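Here is what each chain is made of, one letter per residue.
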Amino acid sequence: MRRGSFQEGTVDYAAVGATQAADLMGYPPEKSIPAEASWRIGSGEARFTSSADTLLSWAPLRGAGLRVSDVRPASGPMYSGVSFDAEGSPVAPSRLEADQRFDADGTPYVGAGTTIRVHGRVKGLRADAQLRVISVTEEPRRVGYALGTVDGSVVSGEESFAVDWRDNDEVWFTVRAFDRPVAAVYRILPPLVRRRRRELFQGYLRAVSPLFASPS
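Residues numbered from 1 in each chain as written. Predicted model: local features only at pLDDT ≥ 70, side-chain atom pairs only at ≥ 80, totals over all residues. Heavy atoms only, no water.

1. Points about the overall build of the protein
Scanning the protein from terminus to terminus reveals five helices and 12 strands. Sorting the 216 residues of the protein into buried and exposed places 52% on the buried side. Of the contacts formed within the protein by residues at least 6 apart in sequence, a portion of 65% connects residues at least 24 apart. Taken as a whole, the protein presents about 10300 Å² of accessible surface, with 51% of it coming from carbon and sulfur. (Helix = DSSP H or I, 4+ residues; strand = E, 2+ residues; numbered from the N terminus. Buried < 20%, exposed > 50% of the residue type's maximum accessible area, 1.4 Å probe, protein only. Contact = heavy atoms within 4.5 Å. Areas by Shrake-Rupley, 256 points an atom, 1.4 Å probe, with all protein chains shown as cover.)

Next up, the structure:
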């Protein structure tokens, strides 16, 4: 198991790690709108490995039409912080020795503590933000990470991405999130938050699953 996480004092919301809670949909953080979706994207080890690599190279965000820039990995070869179990409860701090990896364009892969900026629009509305990777999980049959808002976003909250290679050999892609409206338009019209989230989820899926993007 390879696992790392970022300390919670650097994001703009209190419920750090809440996307890992089993009861997120029923009991989201205060004033937040939760969302969750899961898709079967194939089967077998090769599919899991390729999907995990896609996930860690920021492809979901790009698939949603967002431009990723100013990728700043956490300083130092080791990073410690709070981790969370399957129920979202904090567990003992862990340490991760970062073996930095890069995509074809030289952009660092996802790593605990990395800060990024995203730019773009979702359904015609601004989606610029500064985000931080608050946790990363790399296990033999599960790879994922969580992003938290730091500054400049139209919503405040967290989203997590995971690819699981299940015991029945199926590979599943799951995204979970909670958003507290910040921009005036989202506070006045909460349904826009849900619409924004649905559009993002579909973009994430297009990036991770060739089966979704290709005609049957």
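Moving on from the coordinates now.
2. Observations concerning a nonpolar patch on the surface
Nonpolar side chains collect at one region of the surface, where Val185, Ile188 and Leu189 lie side by side and expose about 270 Å² of accessible area between them. If you trace the backbone, Ile188 turns up in helix H3 (residues 184-188). Residue classification places Ile188 among the exposed positions, given a relative accessible area of 65%. (Patch = residues over 30% accessible without salt bridge, like charges linked within 9 Å, V, L, I, M, F, W, Y side chains within 5 Å. Salt bridge = Lys/Arg side-chain N within 4 Å of Asp/Glu carboxyl O.)

3. Quick look at helix H4 (residues 191-208)
Its 18 residues give H4 an end-to-end C-alpha distance of 26 Å, which sits within 8% of 26 Å, the value for a rise of 1.5 Å per residue. Here H4 has its buried residues at Leu192, Val193, Arg196, Arg197, Leu200, Phe201, Gly203, Tyr204, Leu205 and Val208. (Expected span 1.5 Å × (residues − 1).)

4. Topic: unusual backbone geometry
Backbone geometry places Lys31, a non-glycine residue, at a positive phi of 65°. Looking at the secondary structure, you find Lys31 in the loop between strand E1 (2-5) and strand E2 (33-43). Residue classification places Lys31 among the exposed positions, given a relative accessible area of 66%.

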